[in-house]
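Below are the chains, spelled out letter by letter.
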Amino acid sequence: MTTVITRIPPSPTGRFHIGTARTALFNYLFARHNNGRIVFRSEDTDKTRSKKEYEDEIINGLHWLGITWDEFSRQSEHTSRHRALLEKLINEGKAYISKEQSKNDSSKTVEIVRLKNPGKEITFNDIVRGDITFDTTELGDFVIARSLDDALYHFAVVVDDMDAGVTHVIRGEDGISNTPRQILIQEALGAKRPAYAHLPLILDEKRAKLSKRSGATSVMDYRDEGFLPEAIVNYLALLGWNPGGDREDFSLTELVDVFSLDNVQKGGASWNRDKLLSVNQRWMRKLSDTEYLVNIKNISPNINSFDETLLTKTVPLLKERARTFSEALDMLSGELACIFTPPKPEHDILISKEPDNARGATQRHLETLISKIDSLPNEAPADIIKTTIMPYADKEGRGEVLWPLRYALSGQKRSPDPFTLIEILGKDESVKRINTSLAILVNNE
RNA sequence: GGCCCUAUCGUCUAAUGGCUAGGACAUCGCCCUCUCACGGCGGUAAUCGGGGUUCGACUCCCCGUAGGGUCACCA
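Residues numbered from 1 in each chain as written. Chains lettered and ligands numbered in written order. Predicted model: local features only at pLDDT ≥ 70, side-chain atom pairs only at ≥ 80, totals over all residues. Heavy atoms only, no water.

Turning to the protein's contact with RNA strand B, a few remarks are in order. Surveying the vicinity of RNA strand B reveals 61 residues, the closest of which are Gln 101, Arg 146, Lys 209, Asn 242 and Pro 418. A share of 74% of the atoms of RNA strand B within 4 Å of the protein falls on sugar and phosphate groups. Within the contact set of RNA strand B, a sugar or linking oxygen lies 2.5 Å away from a side-chain nitrogen or oxygen of Asp 46. Between a base nitrogen of RNA strand B and a side-chain N or O atom of Glu 320, the distance comes to 2.5 Å. Going through the elements one at a time, β5 (109–115), β7 (130–135), β8 (143–147), α4 (153–164), β13 (269–270), α9 (273–285), α11 (308–321) and α16 (398–410) are the ones with two or more residues in the surface near RNA strand B. Residue composition of the surface near RNA strand B, by class: 16 nonpolar, 20 polar and 25 charged. (Near = heavy atom within 4 Å. Polar contact = N/O pair within 3.5 Å; in protein donor to acceptor, adjacent residues only side chain to side chain. Helix = DSSP H or I, 4+ residues; strand = E, 2+ residues; numbered from the N terminus. Nonpolar A, V, L, I, M, F, W, Y, C, P; charged D, E, K, R; others polar.)

In structure tokens:
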């Protein structure tokens, strides 16, 4: 039994794309599940488009997701090896140098290298799809290098995979049509054919291949928006694969345990932000309150302007509402802002629910509530507060008591329930706020 | 257009010849409830079409249809 070796070969010509992350993830899961090795190779042979910053982003992003590898290399470091094999093929008559007019600059003549195509049918087995057959004659003598020192992608990949001992090529479905040409190169080189698995593509809402035009396609955008790496991994793994049951909640290590290429889907899967949001919320809720706050701080350092104690008490409310950390951040200055900033209640809203004798009744309720809150022990939890207040509310009418109370505390038509608010704000601040509303009632007389 | 791949609720999917076709997200309704959110319960919703094979097809075969991918001196 030979060791499984997979590869993660991103080209650093753009940001860390979701598709790159998904392919990397499946290579990672398959290799780790089989106690194999993973080779990371930066496919940087396009000198004009490759950028170090992209490579850094991809590496950082992969690590952020928890994806690791055992070997690191850059394709550009292998040019002498490529040249040697190119020369070998030419000497053996399997490839030849061809003087042609440059396609990029028609005034120039260049010496490119073409593979002598035996022109036969190639059938390869795809783990996901079964046998796939191509007639390679239509490919002709295709170009494998711009020059002896400048191999093209197909040639470089085949050589590098061969040298790294790659046993399984797991990549996107868009690689299917590249496969016969790569096999032709392998055969010319006498390389062993690896196993292939072509993953279904991730599609956008319009069911086209996910591209820059499809919206946020960089994993880093999701990180910056406050998504958890665990959620991205969990969601990505289930796009085009599933272990066969109803379970949907998987950490990276759990995925390694159950992963298999056998149950990879064949059809493309479309990206669904709503589903991702719900997966993310599930993972956010698993965090401790402290971890939760750290994550909010990571996306917005100026959260420090909020009172730390109040912030900590607010986390449970955020957990039940926010699906991303940026949503949580928005809530702190939106629907939960009343916790941090004393409200400015309006007279008419305070009593708007009351029919007649409204003002007098509301005033009486609020005064009663103040004395009840005063009688509470310090740091009383919401359920104690509730049992203290509810009998009175039930007697006088819940809406007539609870609405002014909650509105006095929050100044908002929509807010968390009054008991929770009192718990978070504390006795003193709560009474203070109710008194403010009382004053508004009286002054409007 | 040539070649290749694919086809179960709106979306992600389960069911690999034998069930009222299951789950999740979304959606709708009810309950909880002063509001919001959470939560609980329930509903709507799918095997692309036509032929075979078979006692029996979501499942196997063929033909259509539709969608996608790929056709570089990019990777």
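Turning next to the sheet that holds strand β4 (residues 95–101). The 4 strands lie next to each other as β4-β5-β8-β9, forming an open sheet whose pairing is antiparallel. Of all the strands in the sheet, just β4 and β9 (150–151) have a single pairing partner and so form its edges. Relative to β8, β5 runs antiparallel, the two sharing 2 bridges. Paired with Val 113 across the two strands is Ala 145, which belongs to β8. (Pairing = 2+ DSSP bridges.)

With that settled, consider the nonpolar core. Counting residues in each nonpolar core, the largest one holds 58 residues, and the members touching the most others are Tyr 292, Ile 296, Leu 318, Ile 339, Ile 389, Leu 402 and Ile 434. With 7 residues, α16 is the single largest residue contributor to this core. Setting aside chain neighbours within four positions, we find Leu 318 in contact with Tyr 292, Ile 296, Ala 328, Met 331, Leu 332 and Leu 336. Judged by nonpolar contacts, the second largest core, of 48 residues, contains Ala 24, Ile 170, Phe 259 and Leu 277. (Core = buried A, V, L, I, M, F, W, Y, C linked by side-chain atoms within 4.5 Å. Buried < 20%, exposed > 50% of the residue type's maximum accessible area, 1.4 Å probe, protein only. Contact = heavy atoms within 4.5 Å.)

In this section: the environment of Glu 53. Residue position: Glu 53 is located in helix α2 (residues 52–65). For Glu 53, a relative accessible area of 55% translates into the label exposed. Distance in space between the C-alpha atoms of Glu 53 and Arg 15 is 8.7 Å, their sequence separation being 38 residues.

A word on the side chain of Ser 251. Tracing the chain through its elements places Ser 251 in the loop between α7 (229–237) and α8 (252–258). Taking relative accessible area as the criterion, Ser 251 reaches 18% and is therefore assigned buried. Among the polar contacts made by the side chain of Ser 251, one reaches the side chain of Thr 253 at a distance of 3.2 Å.

Here α2 spans 20 Å end to end across 14 residues, near enough to the 20 Å set by a 1.5 Å rise per residue. Within α2, burial applies to Glu 55, Glu 57, Ile 58, Ile 59, Gly 61, Leu 62 and Leu 65. Looking one or two residues past α2, Gly 66 carries a phi angle of roughly 95 degrees, positive in sign. (Expected span 1.5 Å × (residues − 1).)

For the largest pocket, the calculated volume is near 1,400 Å³. Within the residue set of the lining of the largest pocket, elements represented by two or more residues are β1 (5–8), α1 (18–33), α4 and β10 (168–172). By residue number, the principal contributor to the lining of the largest pocket is α1, which donates 6 residues. Class assignment of the residues belonging to the lining of the largest pocket gives a composition of 14 nonpolar, 15 polar and 11 charged. Looking at the second largest pocket, it is lined by 16 residues, and the ones nearest its centre are Lys 103, Asn 104, Val 110, Ile 112 and Arg 146. (1 Å grid on protein atoms, 1.4 Å probe; cavity = no way out; pocket = protein on both sides within 12 Å on 5 of 7 lines; lining within 4 Å. Points joined across faces, edges and corners; volume = space filled by probe spheres on them.)

Summarising the sheet, strand β6 (residues 121–126) and β7 pair through 6 bridges and their orientation is antiparallel. When the sheet's bridge partners are listed, Asp 126 is paired in β7 with Gly 130. Where β6 hands over to β7, the hairpin turn is made up of 3 residues, counted between the paired strands.

In the structure shown here, the tally under the stated rule is 41 salt bridges. Of the charged contacts, one joins Asp 160 and Arg 41 as a salt bridge, the two residues approaching to 3.7 Å between their closest N and O atoms. Note that Asp 160 is positioned in helix α4 and Arg 41 in strand β2 (residues 37–42), a separation of 119 residues in sequence. Residue Lys 94 is joined to Glu 92 by a salt bridge in which the shortest nitrogen-to-oxygen separation is 3.4 Å. Since its relative accessible area comes to 32%, Lys 94 is described here as partly exposed. Looking at Glu 92, the relative accessible area reads 40%, which means it is partly exposed. Members of the salt-bridge network, linked through shared partners, are Arg 7, Arg 41, Glu 43, Asp 160 and Asp 161. (Salt bridge = Lys/Arg side-chain N within 4 Å of Asp/Glu carboxyl O.)

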